[in-house]
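# Architecture and fold: a report
The residues making up each chain are set out below.
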Amino acid sequence: MKGMTQPQLHWIQEGQGPVVVLSHALGCDTSMWDGVAAALKGRYTVLRHDHRGHGKSEAVPGPYTIDLLADDVAGLIKTHCTGPVHFVGLSMGGMTAQALAARHPQLLKSITVANAAMYYDDAARAMWAARVKTVLEQGVAAIADGAMQRWFTPEFRADETGGGKQRVAALRLQLEKTDAAAYAASCEAVANIDFRASNAGIQCPALVIAGTRDEATPVAMSEAICKSIPGAQLRTLPAAHLSAVEQPAAFADLLVNFFEGMR
């Protein structure tokens, strides 16, 4: 666990109050959470991190697994937080949340699993394998167009007055800067998830957030996660895959209502 396998993770902490850890999607970094962090930091301590091989975190050689990502984050929480935290993950971060709840339950007050999956069948794994091949042969930029189409609704991508178009451009740039080998290793980690059994043992409160226009992880995937975790609640947002970017205020409201309801 220590040494070579425990990479140096980049993190940012803002605000004060109960700790909320925000865990980003594949090919993103802490900036994915800018809008949500801004909405939460008035009443919460918001800790954001870059996954291994993403943003400013160390790109250690693969293979990667979601269990490894969960252990990375567990190390961060143990080092920088004094008690259990609210852990919020989107897409790959939401998969990390499910693994973290199974592996390190003592670190958690709650988990939020947004725009995620708990298992991929053979057809989906074949799609991931094709993406890995493309990235290793042609670089991450080769899959950027497809990623933007999955991540955001057409309206958000075209929105110049509200800043959507600019957000999309910035996140695309971040994706294209991601280390290709680390991105490919992360794709393989995502492709191989299976929380169908372990989710039944999750004890902490759980919120599941789905995007009604998310084609990457459709609402049915969130419904399956919700059914698999005892007592989990499902909420939806009118957004595509990166719901926290497209609807940051509404996303933050869902979190606050969930956290406040636990008191």
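Parameters and conventions
- Residues numbered from 1 in each chain as written.
- Predicted model: local features only at pLDDT ≥ 70, side-chain atom pairs only at ≥ 80, totals over all residues.
- Heavy atoms only, no water.
- Helix = DSSP H or I, 4+ residues; strand = E, 2+ residues; numbered from the N terminus.
- Contact = heavy atoms within 4.5 Å.
- Buried < 20%, exposed > 50% of the residue type's maximum accessible area, 1.4 Å probe, protein only.
- Pairing = 2+ DSSP bridges.
- Right-handed = clockwise from strand over helix to strand, strands pointing away.
- Axes fitted to C-alpha atoms, helices over the stretch in contact; angles between N-to-C directions.
- Parallel < 35°, antiparallel > 145°, perpendicular 65-115°, else oblique.
- Salt bridge = Lys/Arg side-chain N within 4 Å of Asp/Glu carboxyl O.
- Nonpolar A, V, L, I, M, F, W, Y, C, P; charged D, E, K, R; others polar.
- Phe/Tyr/Trp six-rings, centres within 6.5 Å; stacked < 30°, edge-to-face > 60°.
- Lys NZ or Arg CZ within 6 Å of the ring centre and 35° of its normal.
- Core = buried A, V, L, I, M, F, W, Y, C linked by side-chain atoms within 4.5 Å.

A few words now on the side chain of His 86. Structurally, His 86 can be placed in strand E4 (residues 85–90). Ignoring sequence-local partners within four residues, the contact set of His 86 consists of Val 19, Val 20, Val 21, Lys 109, Ser 110, Phe 259 and Met 262.

So, about the pairing of strand E2 (residues 19–23). With respect to burial, E2 is a largely interior element, five of its five residues being buried. Note that E2 and strand E3 (residues 45–49) share five bridges and pair parallel. Bridging across to E3, Val 21 finds its partner in Leu 47. Chirality of the crossover, the property in question, places the unit of E2, helix H1 (residues 34–40) and E3 among those that are right-handed.

Let us now look at the packing of helix H2 (residues 66–80) against helix H3 (residues 92–103). Running from amino to carboxyl end, H2 crosses H3 at an angle of 75°, the nearest separation of the two axes being 8 Å. As summarised for this structure, H2 and H3 are arranged roughly perpendicular, according to the angle between their axes. Counted together, Ile 66, Asp 67, Leu 69, Ala 70, Asp 71, Val 73, Ala 74 and Ile 77 of H2 and Met 92, Met 95, Thr 96, Ala 99, Leu 100 and Arg 103 of H3 form the full contact between these two elements.

Turning to unusual backbone geometry, a few remarks are in order. Cis geometry is found at the peptide bond from Gly 62 to Pro 63, where omega equals 0°. Along the chain, the position of Pro 63 falls in the loop between E3 and H2. Positive phi outside glycine occurs at Ser 91, with the angle close to 55°. Its location among the elements puts Ser 91 in the loop between E4 and H3. Note on Ser 91: relative accessible area 8%, which makes it buried. You will see that Asn 115, though not glycine, has its phi angle at about 45°, which is positive. Mapping Asn 115 onto the fold places it in the loop between strand E5 (108–114) and helix H4 (122–138). Exposure remark for Asn 115: the relative accessible area of 0% places this residue in the buried category.

Moving on, we come to the pattern of salt bridges. In total, this model carries 14 salt bridges according to the counting rule given. Linking Glu 14 and Arg 48 is a salt bridge whose minimum nitrogen-to-oxygen distance equals 2.7 Å. One end of the pair, Glu 14, is in strand E1 (residues 11–15); the other, Arg 48, is in strand E3, and 34 residues separate them in sequence. Taking relative accessible area as the criterion, Glu 14 reaches 21% and is therefore assigned partly exposed.

The next thing to look at is the packing of H4 against helix H8 (residues 180–191). Contact geometry for H4 and H8: axes closest at 9 Å, N-to-C directions at 175°. As the angle between them shows, H4 and H8 are arranged roughly antiparallel. Residues Arg 125, Trp 128, Arg 131, Val 132, Val 135 and Leu 136 of H4 pack against Ala 180, Ala 181, Tyr 183, Ala 184, Cys 187, Glu 188, Val 190 and Ala 191 of H8. Of the residues assigned to the contact of H4 with H8, the class counts are eleven nonpolar, no polar and three charged.

Below, the discussion takes up the packing of aromatic side chains. Within a pair of aromatic rings, the relevant descriptors are the distance that separates the centres and the angle that separates the planes. Evaluated as defined, the whole model comprises six aromatic pairs. Ring geometry for Phe 258 versus Phe 259: centroids 5.9 Å apart, planes at 45°, classification tilted. Phe 259 shares its class with Phe 258; the two are buried. Of note, Arg 52 hangs over the ring of Tyr 64, and the distance from its end group to the ring centre comes to 5.1 Å. The cationic tip of Arg 196 hangs over the ring face of Tyr 119; the distance from NZ or CZ to the ring centre is 3.5 Å.

It is worth spelling out the nonpolar core at this point. Met 32, Ile 66, Ile 111 and Phe 251 are the most contacted members of the largest nonpolar core, which totals 91 residues. Tallying contributions element by element places H8 first for this core, with eight residues. Discounting residues that sit within four places of it in the chain, Phe 251 has contacts with Trp 33, Val 36, Val 88, Leu 90, Ala 114, Ile 209, Leu 237, Ser 243 and Ala 244.

The strand order across the open sheet formed by seven strands is E1-E3-E2-E4-E5-E6-E7, and the pairing between neighbours is mixed. Only two strands of the sheet have a single partner each, and these edge strands are E1 and strand E7 (233–237). Sheet twist, expressed as the mean angle between neighbouring strand axes with direction ignored, is 20°. Pairing of E4 with E5 involves six bridges; the strand directions are parallel. Counted as the bridge partner of Gly 89 is Val 113 from E5. With respect to the sheet, H3 is in contact with E2, E4 and E5, its orientation differing from that of E4 by roughly 140°.

These values are about where atoms sit, not about what they do.
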